[in-house]
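Breakdown of the fold
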Amino acid sequence: MKVNKKRALSLMLGLTMGLGATSSAFSQASLEDVMKARGLTQKDLLAAAKTYTPTGGRDEYLVFASGGQSGQIIVYGIPSMRILKYIGVFTPEPWQGYGYDDESKEVLKQGRIQGQDITFGDTHHPALTETDGDYNGKFLIINDKANPRLAVIDLHDFETKQIVVNPFFKSSHGGAFVTPNSEYVMEAAQYPAPFSSDFVPLSDFNDTYRGGVTYWKFNMEEGRIKPDESFTFELPPYSQDLSDAGKGPSYGWGFTNSFCSERYVGGIEKGRPPFEAGCSQKDTDFLHITNWKKAAELVAAGKVEKVNGSYMIPMAQAIKEELLYLVPEPKSPHGVDVNPAGNRIIIAGKLDSHAWVYSWEKIQKAIADKKFEGKDPYGIPIIALKDALHTQVAVGLGPLHNQYDSKECVVYTSAYVDSQITKWDYCEGKVLDQVHIHYNVGHLMSMEGDTVSPDGKYLVSLNKLAIDRFNPVGPLHPQNHQLIDISGEKMQLIYDMPLPLGEPHYAVAIKADKLKPAVRYKSGWNSRTDSRSIYRTRAGREKVEKVDGVTHVYGTVIRSHITPEIIEVEEGDTVSLHLTNLERAEDETHGFALYGQSVNLSIEPGKTASYTFTADKAGVYPYYCTEFCSALHLEMQGYLLVKPK
Ligand code: CUK
Ligand code: CUA
């Protein structure tokens, strides 16, 4: 038995590396030989055994990580840390045909800002939809910070279906966070700006620039955000940031951080300090507490007016209706994280080495008793810190984010400046363990750690810097996701994964068996609208038809044939190709590329994908299938002949 295990490990190591021995010599080597040659310790072998997944093996969890500046999402498995997919979200992605076929262009078009196509996004925070506070595996929502947008991805096929643009904000870092039944998706502004698109001088900052938090209505049946039923709280220009929705006893409420409650606007006059100094003058910022449940009732009762075509609750109304409160919070915070039971809220601020634990019971009491320490310049009641705080714990320098364990009272906090993760008890208020990471952790993520029932087991440290952790590949380094085993008393760092697509600010991990993705589409399917395509075709029904000056080609693809193989049009014709994949076999995707056109279609089994263009130059245009789909893949080809007029 022991020998077999050793042999298996030596084989695995021998196949992957050839350090100090040729691979043929390696395959004969014993485990000890390999360990010696590669300088591995017993601890390394144990870490390898915890993450290594034999060929054909599956992962226990799937992670959806933001792709940062790529505007996409990265999907990988835990514990293997193998990347499984990129999902095109805000940026065209040619492999998936995303942004190349007409169907997905329609999705990207929904994300236009002031009529302009935006082909980039800065994704930060993915959120999985929930039922009763637990992930239901149905949809994923993610924000774009640069342009205040949210996108909805259907986990039935891992495709982006909808993009919505915030009607008020000019940036949004604080999204996406869902309420316990995904009734709403929270999105908070970041950089205060006028709610209109007009020019307003900075001298009017305090009066006209505004922050806010939008509660986007989400319809779980349709899997779509309903802009018409969504509403936004107008908030002071305090740079609202991340949010979290209450659960259990705090259900119905939302919590939103802020970071420059000084309302500082930078060096508008000579000799004024820069933003980073001007935004650090006070000792605390404000946690915003909003009652979305009561607000939704007001909207339903017709008591909220529309601005820019969208429901907006002005501050005065929110104060009068008792929907909005402030509490001092540690300076310049990132995360606000409600515990699984819903009665504690943990906030960590970069400029305070303590994490602050708030008591929902106390906050509720202060609200009920109308016990406030005063009002902010906009008249919003401020709850005194002593009437809200449970405890403060020194967790390290530059604390940013918190994730919960399956064990009661246990939370993990990232410390950016110290480059470490601190495990601590938020009931007793004491540190339990610390581990160094590499380097400068932003978010951290435990398995289903932001639900009502976290799984514990693993934690991922999403580090901002990698520096020396991987082979050098030039000045721009990959990101470093480090896997930490949290099943025992002591945390153990077990794996480094380079992520080369963009900065994955936050990630969420779901138990893989909660996902039930399809292997094929219903025949002739428009995957972006999730309905039968009006352009679908069946075998033998392929045709070319000129309607209203547009030459429609209704074609099919199946191993190893594109029908039609010859398409003849006239110079200047508008051509609309519609290709349906007739395959029923799993994984038999066909692609489509055409000379001189910037296009690749990805036509998965059952899908109908379209491509419309103007054949404005006479000539010969070969086309072919871009997926190696069969032994006769190269023969999957054809000619578009554009005849001169
Ligand atoms: S974050 Cu987006 S700046 Cu702390 Cu959620 Cu990194
Ligand atoms: Cu179809 Cu290659």
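Residues numbered from 1 in each chain as written. Chains lettered and ligands numbered in written order. Predicted model: local features only at pLDDT ≥ 70, side-chain atom pairs only at ≥ 80, totals over all residues.

Moving on to the overall build of the chain. Scanning the chain from N- to C-terminus turns up 10 helices and 45 strands. Relative to the 2.2 N^0.38 estimate, which gives 26 Å for 645 residues, the radius of gyration of the chain is 27 Å and therefore close to what a compact globule would have. Within the span of the chain, comprising 645 residues, buried residues form 48% of the whole. Here the contacts in the chain between residues at least 6 apart in sequence split such that 60% fall between residues at least 24 apart. (Helix = DSSP H or I, 4+ residues; strand = E, 2+ residues; numbered from the N terminus. Rg over C-alpha atoms; globule rule 2.2 N^0.38 Å. Buried ≥ 20, exposed ≤ 12 C-beta atoms within 10 Å, placed from the backbone. Contact = placed C-beta atoms within 7 Å.)

Take the nonpolar core next. A general tendency of soluble globular proteins is for nonpolar side chains to be buried together. Grouped together as the largest cluster of nonpolar side chains are 125 residues, with contacts concentrated most on Ile141, Ile153, Val185, Ala507 and Ala509. Residues Tyr535, Leu577, Ala615 and Met636 belong to the second largest nonpolar core, which totals 26 residues. (Core = buried A, V, L, I, M, F, W, Y, C linked by C-beta atoms within 7 Å.)

Once that is clear, we can look at the sheet that holds strand 39 (residues 566–570). Taken together, five strands build an open sheet; the order of strands is 39-45-44-41-42 and the sheet is mixed. Every interior strand has two partners, whereas the edge strands, strand 39 and strand 42 (600–603), have only one. Averaged over all pairs of adjacent strands, the angle between strand axes in this sheet comes to 20°, irrespective of strand direction. Pairing analysis gives six bridges linking strand 44 (residues 619–624) to strand 45 (residues 637–643), with the strands arranged antiparallel. Looking across to strand 45, one finds that Tyr624 is bridged to Gln637. (Pairing = 2+ DSSP bridges. Axes fitted to C-alpha atoms, helices over the stretch in contact; angles between N-to-C directions.)

So, on to the site of ligand 1. Neighbouring ligand 1 are the residues His124, His125, His173, Leu242, His334, Leu400, His401, Gly442, His443, His505 and Tyr506. Secondary structure elements with two or more residues in the shell around ligand 1: strand 4 (123–131), strand 25 (399–404) and strand 29 (441–447). Tallied by class, residues from the shell around ligand 1 come to three nonpolar, eight polar and no charged. (Near = placed C-beta within 6 Å. Nonpolar A, V, L, I, M, F, W, Y, C, P; charged D, E, K, R; others polar.)

On to the confidence of the model for the chain. With 96% of its residues at a pLDDT of 70 or more, the chain shows a mean pLDDT of 95. Within the model, the stretch residues 10–22 combines pLDDT values under 50 with 22 contacts to residues more than four positions away or in other chains. Interface confidence for the predicted complex, expressed as ipTM, amounts to 0.94; the pTM equals 0.94. (pLDDT = per-residue confidence, 0-100.)

Looking now at helix 10 (residues 360–368). For helix 10, the full list of buried residues reads Trp360, Ile363 and Ala366. When helix 10 is viewed along its axis, its buried side chains cluster within an angular range of 125° and face the same direction. If you follow the buried residues of helix 10, they end up packed against strand 15 (284–291), strand 18 (324–330), strand 20 (344–349) and strand 21 (354–359). Where helix 10 ends, the next residue or the one after it, Lys370, has phi of about 50°, a positive value. (Arc of directions from axis to C-beta.)

What follows covers the sheet that holds strand 21. As summarised here, the arrangement of the four strands in space is 19-20-21-24, forming an open sheet in which the pairing is antiparallel. Two strands bound the open sheet, and with one partner strand each, they are strand 19 (333–338) and strand 24 (389–394). Looking at each pair of strands side by side, their axes are set apart by 15° on average, direction ignored. Pairing of strand 20 with strand 21, which is carried by five bridges, proceeds in the antiparallel orientation. Counterpart to Ala348 in the pairing with strand 21 is Ala355. In this fold helix 10 packs onto strand 20 and strand 21, with an angle of close to 55° to the strand it touches most, strand 21.

The next thing to look at is unusual backbone geometry. For residues besides glycine, phi is generally negative; the peptide bonds are generally trans as well. Note that the residue after Ile78, namely Pro79, is joined by a cis bond; omega there is 15°. Within the secondary structure, Pro79 is located in the loop between strand 2 (73–78) and strand 3 (83–87). For the bond running from Arg559 to Ser560, omega is 0°, close enough to zero to count as cis. Secondary-structure assignment places Ser560 in the loop between strand 37 (550–558) and strand 38 (561–563). In this model, Cys409 sits at a positive phi of 70°, which is unusual for a non-glycine residue. Position of Cys409 relative to the elements: it lies in the loop between strand 25 and strand 26 (410–415). Of note, the phi angle at Ser419 is positive, near 50°, even though the residue is not glycine. Along the polypeptide, Ser419 turns up in the loop between strand 26 and strand 27 (420–425). The exposure class of Ser419 is buried, given the 20 C-beta atoms found within 10 Å.

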